[in-house]
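Per-entry structural report
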Amino acid sequence: MTGMLRDLLNERADAAGSHDLDLHDLISQGERCIRRRRRIAVGGTVAAVVLTVGASFALVQSGDPESSPVLPPSTNPPSSVDGPDGSRPLTYGLGSTIHYGDRTIEVAEDAGGLYVFDDGLAILTGRDDADRDNRLYLMDGSEQVEIARGIERVTVGEVGTLLVWLDGDEVVIYDTQERREIARVPLNGRLLNPITPLEDAVYWHESTGDELVRYDVQTGIRAPASEAEYRAEMRTAVRPILVVGTADSVTPAEDFTVIDSRLELGPDAPGASSPVFVAATGERLRVSVPDRYEGESLGVFQWLDDDRFALVADSGVKNVPMGDLLTCRISTGQCRTIATGEREWLLPGNNGAIH
Amino acid sequence: MAQEDRTDVAAYSDLVTARSPSLFRTAYLMLGDHQLAQDLLQEALVKTYVAWPRLRDVTKAEAYTRRTIVTTAISWRRRRSFHERPVDEPPDVGVADRVDELATRDALWAQLHALAPRQRAAIVLRYYLDLSEAQTAETMGCSVGAVKSQTSAGLSRLRDRIGPEVALFTTTDQRMTP
């Protein structure tokens, strides 16, 4: 009975049978993960940005009041934001309830997308952003306005004030500060990649000519761009807050595992086992997580400011809901749970935004 | 950018098509359950898809996926205790010459899956995939010393549970065991 262990492993592996995987399903799930974890970075210094959330959300609709999907805010909003204003508020949804900082917004139908910008929030209703009956509402703390419907590929800028989407065969560029559409740019072909809004420019990729396009918001000039130009402008505009490997790295750290009650780079994250640094200070990240998350995978779903970020416990497994939500503060090295349970959280993100 | 994306998707598809049977077998040995292994493989491949644009060397994607299977399985089992099927009491296998080999193998299989996840992972990687200690450490995301201790502890427990009379290894194998 020699070699029993090795024989057993080979025998059982051979007898494991076949698996049933759908490649398209894998890719679809992967895209969902990317969307869910896409961070809403607050680039540069944001402390001076003061969020002016009013005492209540007045209901101002551009369309028929009867058809408004948004109801008055709850009278018992949770105090789920730790820290002062001056940042993008913690934002997440569950079913028809959207938590936005210390406000609760009830939506008559389930929201399909949340897009947080420096001075407000956009909510997309409908199953997803390809739902032709969807509507996009802009909320800036004092009022909410329907700004589009039947659209797709909604993306908010990680920096700047631009919110963009695809309306038919037009790329629509909306300035959330000026609260108006500033451009509608017809596509020459099919949109191949997500639209990427930066501070003064928007990039997208079209099927015709396999062309990467840069639209300059200031001049209104649309011109072909190279991949190198795109990446260079991205690097200039978006600064990771936590980086992998060295303090001057540009590789963002977003996927973590809790090891010995500390936040460490996830084993399947790029640069796994490498240290994580705080880009602004050059110091090693030292953040403690409650013991009950030992061994859990935690992914960043929102950067609140240079000091705070929000995490979701996410197995990434099909049909397994996400877990608890936490906020962490770099300066104090502490995380705390702000919502519990395995739920179908709706987290802020950019549909299809892959950089 | 689009060209790059299409190339990536094609390469990812190739990985899934060509290597998923082998990856599935590893997942199965890690969990001992067909459906869970399929879920694990699916999860690992989704993670690989997410990480694909950032992988520095796509030719190492299989190793990356395998590593994800192992590390995910370890953390997964910690989270999902309802999937655990511990065998607290060893089956009454007796000494090797009193039971037939099939029964002993069943008992060994049961005990393998009663091991701590890291111990089982180390054993699967070392004795199924024939990885070196250094490769096993890389796959598990731990030190070589940890691999040695996990392997040793796992084998020791198997011997305790199955009985010292049952030879787990051939003579050749024994030279590489802790």
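Along each chain, residue indices are assigned from 1 in the same order as the chain's sequence is written. Chains and ligands are labelled by the order in which they are written, letters from A for the one and numbers from 1 for the other. Under the rules for a predicted model, residues below a pLDDT of 70 receive no local features and side-chain atom pairs below 80 are neither given nor counted, while totals for whole chains, interfaces and linings still include all residues.

So, about the overall build of chain B. Looking only at helices and strands, chain B features 8 helices and 0 strands. Numbered from the N terminus, helices here are DSSP runs of H or I no shorter than four residues, and strands are runs of E no shorter than two. The N-to-C order of helical and strand elements in chain B reads α-α-α-α-α-α-α-α. The exposure scheme places C-beta atoms from the backbone and then counts, for each residue, the other C-beta atoms within 10 Å of its own, assigning buried at 20 or more, exposed at 12 or fewer, and partly exposed in between. When the 178 residues of chain B are sorted by exposure, 45% land in the buried category. Note on contacts: residues are paired as contacts if their backbone-placed C-beta atoms lie within 7 Å. Of all intrachain contacts in chain B linking residues separated by at least 6 positions in sequence, the fraction that spans at least 24 positions is 59%.

In terms of regular secondary structure, chain A is built from 3 helices and 24 strands. Here chain A holds 355 residues, and the buried ones make up 43% of them. Long-range contacts, defined here as pairs at least 24 residues apart, represent 49% of the contacts in chain A between residues at least 6 apart.

Our focus in this paragraph is the pairing of strand E3 (residues 103-106) of chain A. Residues and elements named next belong to chain A. On E3, burial follows the alternation: Arg103 and Ile105 on one face are buried, whereas Thr104 and Glu106 on the facing-out side are not. Strand pairing is assigned whenever DSSP detects at least two bridges linking the two strands. Alignment of strand E2 (residues 97-100) against E3, held across 4 bridges, turns out to be antiparallel. The partner of histidine 99 across the bridge, within E3, is threonine 104. Between the end of E2 and the start of E3, which pair antiparallel, lie 2 residues, with glycine 101 showing a positive phi angle near 60 degrees.

Now for the packing of helix H6 (residues 133-140) of chain B against helix H7 (residues 144-162) of chain B. The geometry of a pair of packed helices is captured by two quantities: the angle between their axes and the separation between those axes. Residues and elements named next belong to chain B. Think of each axis as a best-fit line through the C-alpha atoms, taken over the contacting stretch in the case of a helix, with angles from 0 to 180 degrees between the N-to-C directions. Viewed as axis vectors pointing N to C, H6 and H7 meet at an angle of 100 degrees, and their least axial separation amounts to 8 Å. Taken together, the axis directions place H6 and H7 in an arrangement best described as roughly perpendicular. For the pair H6 and H7, the contacting residues are Glu133, Ala134, Thr136, Ala137 and Met140 in the first and Val144, Ala146, Val147 and Lys148 in the second. Ten residue types, Ala, Val, Leu, Ile, Met, Phe, Trp, Tyr, Cys and Pro, are classed as nonpolar, four, Asp, Glu, Lys and Arg, as charged, and the remainder, Gly among them, as polar. Residue composition of the contact of H6 with H7, grouped by class: 6 nonpolar, 1 polar and 2 charged. The labels follow the angle: roughly parallel below 35 degrees, roughly antiparallel above 145, roughly perpendicular from 65 to 115, and oblique for the rest.

Quick look at the sheet that holds strand E22 (residues 325-329) of chain A now. All names here are of chain A. The 6 strands are arranged E18-E17-E20-E21-E22-E23 in an open sheet whose pairing can be described as antiparallel. In this open sheet, the two strands that pair with only one neighbour each are strand E18 (262-265) and strand E23 (334-339). The mean angle between the axes of side-by-side strands here comes to 40 degrees, regardless of whether they run parallel or antiparallel. By the bridge criterion, 5 bridges tie strand E20 (residues 297-303) to strand E21 (residues 308-313) in an arrangement that is antiparallel. Bridging from a neighbouring strand, leucine 298 pairs with alanine 313 of E21.

Here we come to the pairing of strand E13 (residues 201-206) of chain A. Residues and elements named next belong to chain A. Extensive coverage of E13 is indicated by the burial of 5 of its 6 residues. Judged from the 2 bridges that link them, strand E12 (residues 196-197) and E13 form a sheet pairing that is antiparallel. Residue pairing for E13: proline 197 is matched across the bridge by valine 202. Joining the antiparallel neighbours E12 and E13 is a turn of 3 residues.

Turning our eyes to something else, we now look at the nonpolar core. In this structure, Leu114, Ala122, Val164, Val202 and Leu311 of chain A are the most contacted members of the largest nonpolar core, which totals 77 residues. How far each domain reaches was decided by an automatic or database domain assignment. Taken together, domain 1 (160-237) and domain 2 (242-346) of chain A each give at least three residues to this core, which thus spans both. By definition, a nonpolar core groups buried Ala, Val, Leu, Ile, Met, Phe, Trp, Tyr and Cys residues that are joined through C-beta atoms within 7 Å. Of all hydrophobic cores here, the second largest spans 48 residues; its members include Leu9 of chain A together with Leu23, Ala37 and Leu108 of chain B.

With that out of the way, let us pick up the sheet that holds strand E11 (residues 180-186) of chain A. Residue and element names in this part refer to chain A. Here we have 4 strands laid out as an open sheet, ordered E8-E9-E10-E11, and antiparallel in their pairing. On the outer flanks of this sheet lie strand E8 (152-156) and E11, each paired with one strand and no other. Strand-to-strand twist in this sheet, taken as the mean axis angle between neighbours without regard to direction, amounts to 15 degrees. Two elements, E8 and strand E9 (residues 162-167), share 3 bridges in a ladder whose sense is antiparallel. Residue threonine 155 lies in a different strand from E9, and its bridge partner there is valine 164.

Further remarks concern the environment of leucine 15 of chain B. All names here are of chain B. Locating leucine 15 in the fold gives a position in helix H1 (residues 2-31). With 46 residues separating them along the chain, leucine 15 and alanine 61 place their C-alpha atoms 7.6 Å apart. Discounting chain neighbours no more than four positions away, the residues touching leucine 15 are Ala61 and Glu62.

Moving on, we get to the confidence of the model for chain B. Residues and elements named next belong to chain B. For every residue, the pLDDT score states the predictor's confidence, bounded by 0 at the bottom and 100 at the top. Scored by pLDDT, chain B comes out at a mean of 75, with 69% of its residues at no less than 70. Looking at the elements of chain B, mean pLDDT is at its lowest for helix H8 (residues 171-176), recorded as 51, and at its highest for helix H5 (residues 117-127), recorded as 90. Here residues 78-96 scores under 50 on pLDDT; set against residues more than four positions off or in separate chains, the count is 28 contacts. Two numbers describe this predicted complex: its pTM, 0.53, and its ipTM, 0.81.

This part covers the confidence of the model for chain A. For chain A, the average pLDDT comes to 74, and 74% of its residues sit at 70 or higher. In the model, residues 351-355 of chain A has pLDDT below 50 throughout and makes 19 contacts with residues more than four positions away in sequence or in other chains.

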